[in-house]
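Each chain, letter by letter, is given below.
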Amino acid sequence: MRVGVLGGGQLGRMLALAGHRLGFTFRFLDPSSDAPARRVGELVVGDWSDAGAIERFVSGLDLVTYEFENVPASAAHRIADETPVFPPVAALETAQDRLCEKALFNSLGIPTAPYAPVSSLAELEAAVDGVGAPGILKTRRAGYDGKGQARLGTARDTGAAWAALTQGASSAELIYERFVDFEREVSVVGVRSADGATAMYPLTRNVHAAGILRASFAPDGDGALERRAHAATRAVMERLRYVGVMAIELFVVRDASGASTLVANEIAPRVHNSGHWTIEGAVTSQFENHLRAIAGLPLGETSMVLPGAHAAMLNLIGATGPLAGTLAIPGAHAHLYGKQEREGRKVGHVTFVGTDPRVLEDRVRASAELCGQRLV
Ligand code: AMP
């Protein structure tokens, strides 16, 4: 099986590491000549609009997938004319636009934060009036890790938030959403095969700081919430006729009666950072399951690696820290992506698996301290 991957980041690298065991070979298309996946497959360096590079990339491949969700849909369509592309390009297009994403959730009865599309300062003022404050103004497209977002405490902040995202332009494609006063953030990573079979990983609790995922803990432990989150993910996958791994990020909100409700935030049409713990913590990793799904192979089990097991993952952001020190922490599995260290950049992660979630939290805290990683 010769698999092409659009994007050559760490997600592509981990897909290839999982796929090599199945005998798959990989080719990546990425604008950067030092993309992290370059050491685990062939790398075609080229821009997404470079027809020659796309031609070289696609030649001889059995199928194509993506690890980067902002691949222009036009490039994915061009490739899909010649070679099967999974997940379907329509799913990519939906996930690329926060407005389409929210409309999809709502059409399936899945709650989201109240929101309004915004394309001018006047529309932003009306949106803040209608939706309420505090809130977050976001670019509809191409935002990631908290980039392309501006917070508004009150209606007085509209001018500053507009200027921060538009650099003074008079129109832009934005969305304003009400700030969700959540108790915690969770995500579901699920997989669907072409024949409609689905499998869901345990609900994962995620800790973000400054818009970037810092740590994940699984399973979250609330069985009723997990069943609802799984049902929502299945509904989204079915609507999109999805094939492959998808993640949905959700907020857990406590209502006045103390009951937990779920508010959907966004869809990632690919393997996801909050599923990295599945490499050591689940029977089948999200990377292997994505490849199984797109290659038409049976899906692997998504349960914890052993009954009663817990997993915790710490992202290494900006710097990997001392590898020997990390590996001296009992049970640490270090994954370094071979990227240049730079502020705010994901350069690796560490996973711990065990039976006592408090011990895992302590180990995550110890490695965060050692590697200079913030958790709040
Ligand atoms: P996003 O790019 O939409 O995933 O946002 C990144 C992070 O910002 C989320 O994981 C949350 O921690 C926070 N965030 C985004 N939207 C909201 C919201 N409407 N209310 C509260 N926090 C949010």
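Heads up: the structure comes first, above all this text.
What this report covers is the structure whose coordinates are included nearby. (Residues numbered from 1 in each chain as written. Predicted model: local features only at pLDDT ≥ 70, side-chain atom pairs only at ≥ 80, totals over all residues. Heavy atoms only, no water.)

## Considerations on the nonpolar core
Among the nonpolar cores identified, the biggest contains 35 residues, and Val3, Phe26, Phe28, Trp277, Phe287 and Leu291 are the most heavily contacted of them. Going through the elements one at a time, β1 (2-6), α1 (10-20), β2 (25-30), β9 (184-192), β12 (212-218), β13 (244-254), α10 (286-294) and β15 (310-317) are the ones with two or more residues in this core. In terms of residues, this core owes the most to one element, α1, which gives 5 residues. Phe26 has contacts with Val3, Val5, Leu15, Ala16, Gly19, His20, Val40, Gly41, Glu42 and Leu291, leaving out every residue within four places of it along the chain. The next biggest cluster of nonpolar side chains, apart from the first, holds 23 residues, and it includes Met237, Leu240, Ile248 and Leu262. (Core = buried A, V, L, I, M, F, W, Y, C linked by side-chain atoms within 4.5 Å. Buried < 20%, exposed > 50% of the residue type's maximum accessible area, 1.4 Å probe, protein only. Helix = DSSP H or I, 4+ residues; strand = E, 2+ residues; numbered from the N terminus. Contact = heavy atoms within 4.5 Å.)

## Here we look at a nonpolar patch on the surface
On the surface, Leu323, Leu327 and Leu336 cluster together into a nonpolar patch covering about 240 Å² of accessible area. Within the fold, Leu336 resides in strand β16 (residues 333-336). Assessed through its relative accessible area of 32%, Leu336 is described here as partly exposed. (Patch = residues over 30% accessible without salt bridge, like charges linked within 9 Å, V, L, I, M, F, W, Y side chains within 5 Å. Areas by Shrake-Rupley, 256 points an atom, 1.4 Å probe, with all protein chains shown as cover. Salt bridge = Lys/Arg side-chain N within 4 Å of Asp/Glu carboxyl O.)

## Here's the deal with the environment of Asp30
Positionally, Asp30 belongs in strand β2. By relative accessible area, which is 12% here, Asp30 ends up buried. Along the backbone, Asp30 and Phe57 are 27 residues apart, and their C-alpha atoms lie at a distance of 9.9 Å. Leave out the neighbours within four places in its chain, and Asp30 touches Gly7, Gly8, Gly9, Ala35, Leu43, Val44, Val45, Gly46 and Trp48.

## Concerning the packing of helix α4 (residues 89-96) against helix α5 (residues 98-107)
Where α4 contacts α5, the two axes come as close as 5 Å, and the packing angle between them is 105 degrees. Classified by the interaxial angle, the pair formed by α4 and α5 is roughly perpendicular. Between α4 and α5, the contacting residues are Thr94, Ala95 and Gln96 on the first element and Arg98, Cys100, Glu101 and Leu104 on the second. Class assignment for the residues of the contact of α4 with α5 results in 3 nonpolar, 2 polar and 2 charged. (Axes fitted to C-alpha atoms, helices over the stretch in contact; angles between N-to-C directions. Parallel < 35°, antiparallel > 145°, perpendicular 65-115°, else oblique. Nonpolar A, V, L, I, M, F, W, Y, C, P; charged D, E, K, R; others polar.)

## As for the sheet that holds strand β4 (residues 63-66)
Strand order in the open sheet formed by 4 strands is β3-β2-β1-β4, and the pairing between neighbours is parallel. Looking at which strands have only one partner, the edges of the open sheet turn out to be β3 (42-45) and β4. Across the sheet, the mean angle from the axis of one strand to that of its neighbour is 25 degrees, orientation sign disregarded. Note: β1 against β4, 4 bridges, orientation parallel. Paired with Leu6 across the two strands is Tyr66, which belongs to β4. (Pairing = 2+ DSSP bridges.)

## A closer look at the sheet that holds strand β8 (residues 174-178)
Read from one edge to the other, the open sheet built from 4 strands follows the order β5-β8-β6-β7, with strand pairing classed as antiparallel. The sheet is open, and its two edges are formed by β5 (115-118) and β7 (149-152), each paired on a single side. Averaged over all neighbouring strand pairs, the angle between strand axes comes to 20 degrees, with direction disregarded. Strand direction decides the pairing type here: strand β6 (residues 135-139) and β7, joined by 4 bridges, are antiparallel. Bridged to Lys138 within β7 is Gln149. Where helix α6 (residues 121-131) meets the sheet, it contacts β5, β6, β7 and β8, and its direction lies at approximately 175 degrees from that of β5. Most of the contacts of helix α7 (residues 158-166) go to β7, to which it runs at about 175 degrees, and overall it touches β5, β6, β7 and β8.

## Section: the site of the ligand
In the region of the ligand, 16 residues are neighbours, and Lys138, Gln149, Val180, Glu185 and Glu266 sit closest. Between the ligand and the protein, one listed contact pairs a nitrogen atom with a backbone N or O atom of Val180 at 2.8 Å. A distance of 3.1 Å is found between an oxygen atom of the ligand and a side-chain nitrogen or oxygen belonging to Asn265. Listing elements by their share of the shell around the ligand, those giving two or more residues are β6, β8, β13 and β14 (260-268). Looking at the shell around the ligand residue by residue, the classes come out as 5 nonpolar, 4 polar and 7 charged. (Near = heavy atom within 4 Å. Polar contact = N/O pair within 3.5 Å; in protein donor to acceptor, adjacent residues only side chain to side chain.)

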